[in-house]
Structures are given as structure tokens and as C-alpha cells.
Amino acid sequence: MKVAVVAIGTELLLGQIVDSNSARIGQTLAANGFSSYLQLKVGDNHDRIVAALRLALEDADAVITSGGLGPTQDDITREAIAEVSGRRLHEDPGVRSVIEELFAARGRPMSANNYRQAMVPEGATVIEQRKGTAPGLIVPVGDKVIFALPGVPYELDDMLANEVLTELRLRRNDATVIRSRVLRTWGLGESRLAELMAPRFDELEGSNVTIAFLASGIEGVKVRFTVGTASESEALELLGREEERARQLLGDYVFGVDEDTLESVVARLAIAEHVSIAVAESLTGGMVASQLVRVPGASEWFRGGVVSYATAVKEQLLGVTASSVVSEDAARMMAEGVARLIGSDIGIATTGVAGPEMLEDQPVGTVWIGMSYRGRSEARKVQLLGDRERIRTYATATALDLMRLTLSGSGRGFTAF
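Note that this is a predicted model, so its numbers are computed, not measured. (Residues numbered from 1 in each chain as written. Predicted model: local features only at pLDDT ≥ 70, side-chain atom pairs only at ≥ 80, totals over all residues. Heavy atoms only, no water.)

Draft legend 1. Molecular detail of the packing of aromatic side chains. Evaluation of the coordinates by the stated rule reveals three aromatic pairs. Their ring planes at 55° and their centres at 5.4 Å tell us that Trp186 and Tyr394 sit as a pair that is tilted. On the criterion of sequence distance, the pair formed by Trp186 in the loop between β9 (177–185) and α7 (190–204) and Tyr394 in helix α13 (residues 388–407) is long-range, its members being 208 residues apart. Of the residues examined, Trp186 reaches a relative accessible area of 8% and is grouped as buried. Given a relative accessible area of 25%, Tyr394 falls into the partly exposed group. The ring centre of Phe34 lies 4.2 Å from the NZ or CZ of Arg172, which sits over that ring. Over the ring of Phe414 we find Arg380; its NZ or CZ atom is 5.5 Å from the centre of that ring. (Phe/Tyr/Trp six-rings, centres within 6.5 Å; stacked < 30°, edge-to-face > 60°. Helix = DSSP H or I, 4+ residues; strand = E, 2+ residues; numbered from the N terminus. Buried < 20%, exposed > 50% of the residue type's maximum accessible area, 1.4 Å probe, protein only. Lys NZ or Arg CZ within 6 Å of the ring centre and 35° of its normal.)

Structure below.
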């Protein structure tokens, strides 16, 4: 079954808002076994929206739109869908009542414009507005269908995950169970991962298993497996086998599954090892600490940190005596100093050159990561590419990954402990 996506809003074309909705719709469709060959963006112009919808319907069984369902004059998705489907708009009393109740519950005055959101094409099914004032719509167009969803991401996600997927599965009229599993990796580029996974690609050709790669910045490169089977148990068994095979090929470059993050894995390992962590940061400026405290319950194992950006702070607070702040000695001493200062089992430190200019004759992207653990310390040098923010972000992820590897006993982590 083919599903096209049409994102509506002039702000998308002007680059004022990034079109994240099309990405999340595409990811959801792929994870549930629906083909999506076309995504369009169109401004708030009636004739152009109509043209975009007709173009999308030429080759798709269903079209999902996002945006243009609000109460203002430029929210004209309803009118365009009514023209494409050949249906008249009428006010739905149920939708009107819900809108009035939402405003009353919030204690806010309601503008007459909000009643525009109660206008619905005849014969359409209304998707209840559980998260906002704009209802979604399911509008038949012959034997095809248009799903109109709000542009607000959390409103869209709710309707997409429930009514839209349910209706699409009914229209596909099969009992196939579609399930996905995502392996999270750090330390290898997308092309190298694909090279390592090549033998499995060849073995799976023509099967009901697909593999896809997604480079995701600080989240690493994701490897997604999607299977289609007759039952839930069969799907989970097949995904389990694929995960095991992938781990054999990729080793400890795989740090987690599905919703795991580097920081959540570090947290689990710290709890399992009964150790506390403190951080000393120079070029990352608090980013490592920020990532760690994103994990609920971080106070159980994270003690705190020092942003030792100035050389004097490194010397006075952390006891750094190294002649160069971009060096192995400085990284080690920072890690030792913060563990001693805060009283943690582990100290992690970052120092280096984020750019845009060289520092201490060291090229931009030179990063030293230090770790102190159980009375010993070690530092690792990495050379990172990109602009200032990319270097800082990747240094943060690399520090987290080195903690993960060390606590899990991997030979790729620090080895002095």
C-alpha cells in the first residue's frame, strides 16, 4: 500500500520552521510496513494545495497531510480537501461542542474564528482532538483516502499512531504483523556499518526482513530491522535472531536497542557497578553533564561537575599542573581532580580545541578525554571533524561512549583500570 505525505505551510517553504512532521510520518510508515514514495511541501495557497493533493493521489492509495487545520484565514487545508474529494463543507456540531468545552476548561475566551475548525467535508470521519482544538479528518476520495492531521507535532503523533495506522491496516486488509527493532551504534560511520553488514544484506535478499541505516548525529548511526510475519511471537523471534547476528558483525559498536541512549546505558552500568560519576569539562562546557542528567534518577549515581574552561580554574580547582591544557596530562589531571574534589568513584574530563582557531599549536578538532577510576587515570586522544558545535557534540558523545566501554569491560575502553 502506497502512502504519500503533503506538508502544508508557507513557513516550511521559507525555512522558518523545519519540516519534522514529514520525517516522523515517514518513519512511522516505514516501521509499520507501508511504502512512501513521495513527500511534498506546499504553501498556504488553495490552488497549490489542491494541485499537490491531486498529484499525490495519482500514484498513492492514501495521502497524509499535516498543517492548515487551525482557526486563522491561512488555514485552508479543509477547503482544499473538500474540493479534491468533491464534498461540501458543513459544521459538525460534535466538533463545535468539543472546541467550546476545551476553551471553557482552560478559562480562556473563544474567538469566532475557532468555529472554522468545526467545518468538516460531508461524509468525512472526524478524528477526535484529544491534544488540541483542531480535529483530524479521514476523507474518502473514491477508493482512496486523505488523512488530514494538525501541524502541531504532539497532536499529529497521537492521531497518526492511533486512528491513521488503524485505518491504513484495515485498508491494506491483511493480517501481517509488522515490527521493527533499532540497534544504536557509536564509533563507526554509516558507510563502514553498511560494509560490515553487507554479508547479512546478501543473505536476506528476497526475505521478509529489511535493513536500513540512519545517521543521527549525537545519537550515532541507527540500524533498523523491519519484519513482516503472521504473528507477534514470530516477529519478535525473527527480530531477536537478526539482532544477535548484527551484534556478531558489529561487536561492541552496538551500544543499545530502540530507545537506549549513550547516557542511559552509562547510567545502567554505573548502577550495576555501584559507582558514582563526576565530570570536568573544558571544550564541552557542561554538555556531558547535561546529557547525563537527562536520565531519570541521575542523582543516584551522578555527583556533579566542574566547567573548567579557563586555565586558572583547571589549576586552582582541579590541581592541573600540566604545561599544556590540550594534552594527555591535562585530561588525566582534570579527571583525577574532579573525582577528588567531588568525591566520586569516577572522574571524566574533556579538553581540546573546538575552534575556529588553533590552540597551543594544536589543530581544531584535537580532543583529549580523561578518566580516573579506582585510583588510576588514563587519557585518550581523538581527532574530530566539523565546525565548533559539531566538535563539541561529538566530543560529548565520545566521552560517554568511552565510559560505556570501560564500565562494560570492553577492550576498546580505557584499559588502565
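Draft legend 2. Main features of helix α4 (residues 77–85). Most of α4 is tucked away, with seven of its nine residues classed as buried. Within α4 the residues assigned to the buried category are Thr77, Arg78, Ala80, Ile81, Ala82, Val84 and Ser85.

Draft legend 3. Quick peek at the side chain of Ser85. Along the chain, Ser85 falls in helix α4. For Ser85, a relative accessible area of 15% puts it in the buried group. Side-chain polar atoms of Ser85 contact the backbone oxygen of Ile81, separated by 2.8 Å. Among the polar contacts listed, one links the side chain of Ser85 to the backbone oxygen of Ala82, at a separation of 3.3 Å. (Polar contact = N/O pair within 3.5 Å; in protein donor to acceptor, adjacent residues only side chain to side chain.)

Draft legend 4. Summary view of the packing of helix α11 (residues 311–318) against helix α12 (residues 328–342). Axis separation between α11 and α12 bottoms out at 9 Å; the angle between their running directions is 50°. Judged by the inter-axis angle, α11 sits oblique to α12. α11 and α12 meet at a crossing whose hand is left-handed. Residues Lys314, Leu317 and Leu318 of α11 form the contact with α12, whose own contacting residues are Met333, Met334, Gly337, Val338, Arg340 and Leu341. (Axes fitted to C-alpha atoms, helices over the stretch in contact; angles between N-to-C directions. Parallel < 35°, antiparallel > 145°, perpendicular 65-115°, else oblique. Left-handed = near helix turned anticlockwise from the far one by under 90°. Contact = heavy atoms within 4.5 Å.)

Draft legend 5. The arrangement of the nonpolar core in detail. Counting residues in each nonpolar core, the largest one holds 37 residues, and the members touching the most others are Ile277, Val279, Leu292, Trp301, Phe302, Ile346 and Val367. Contributing elements (two or more residues each) for this core: α9 (262–273), β13 (277–281), α10 (287–292), β15 (346–352), β16 (366–373) and α13. With eight residues, the top contributor of residues to this core is α13. In contact with Leu292, other than residues within four places in its own chain, are Glu263, Val266, Ile277, Val279, Ala298, Trp301, Phe302, Leu400 and Met403. The next biggest cluster of nonpolar side chains, apart from the first, holds 26 residues, and it includes Ala4, Val6, Ala60 and Leu137. (Core = buried A, V, L, I, M, F, W, Y, C linked by side-chain atoms within 4.5 Å.)

Draft legend 6. Here's a closer look at the sheet that holds β13. With respect to topology, five strands assemble into an open sheet ordered β14-β13-β15-β16-β17, the strand pairing being mixed. A single partner strand is all that each edge strand has here, and the edge strands are β14 (302–307) and β17 (376–383). Averaged over all pairs of adjacent strands, the angle between strand axes in this sheet comes to 15°, irrespective of strand direction. One ladder, built from seven bridges, connects β15 with β16; its direction is antiparallel. (Pairing = 2+ DSSP bridges.)

Draft legend 7. The pattern of salt bridges, seen in detail. One pass over the full model with this rule turns up 25 salt bridges. Close ionic contact of Glu219 with Arg184 constitutes a salt bridge, the shortest N to O distance being 3.4 Å. Placement of the pair is Glu219 in the loop between β10 (209–215) and β11 (221–229) and Arg184 in strand β9, with a sequence separation of 35 residues. The class for Glu219 is partly exposed, based on a relative accessible area of 35%. Judged by its relative accessible area of 5%, Arg184 falls in the buried class. With a shortest N-O distance of 3.5 Å, Glu336 and Arg332 are connected by a salt bridge. Of this pair, Glu336 and Arg332 both sit in helix α12, separated by four residues, roughly a single helical turn. Look at the salt bridges and you will find they share partners, linking Arg200, Glu203, Glu242 and Arg245 into a network. (Salt bridge = Lys/Arg side-chain N within 4 Å of Asp/Glu carboxyl O.)

Draft legend 8. Up close: the pairing of strand β3 (residues 62–66). For β3, the tally of buried residues reaches five of five residues, placing the bulk of the element in the interior. The pairing of strand β1 (residues 3–8) with β3 spans five bridges and is classified as parallel. Residue pairing for β3: Ala4 is matched across the bridge by Val63.

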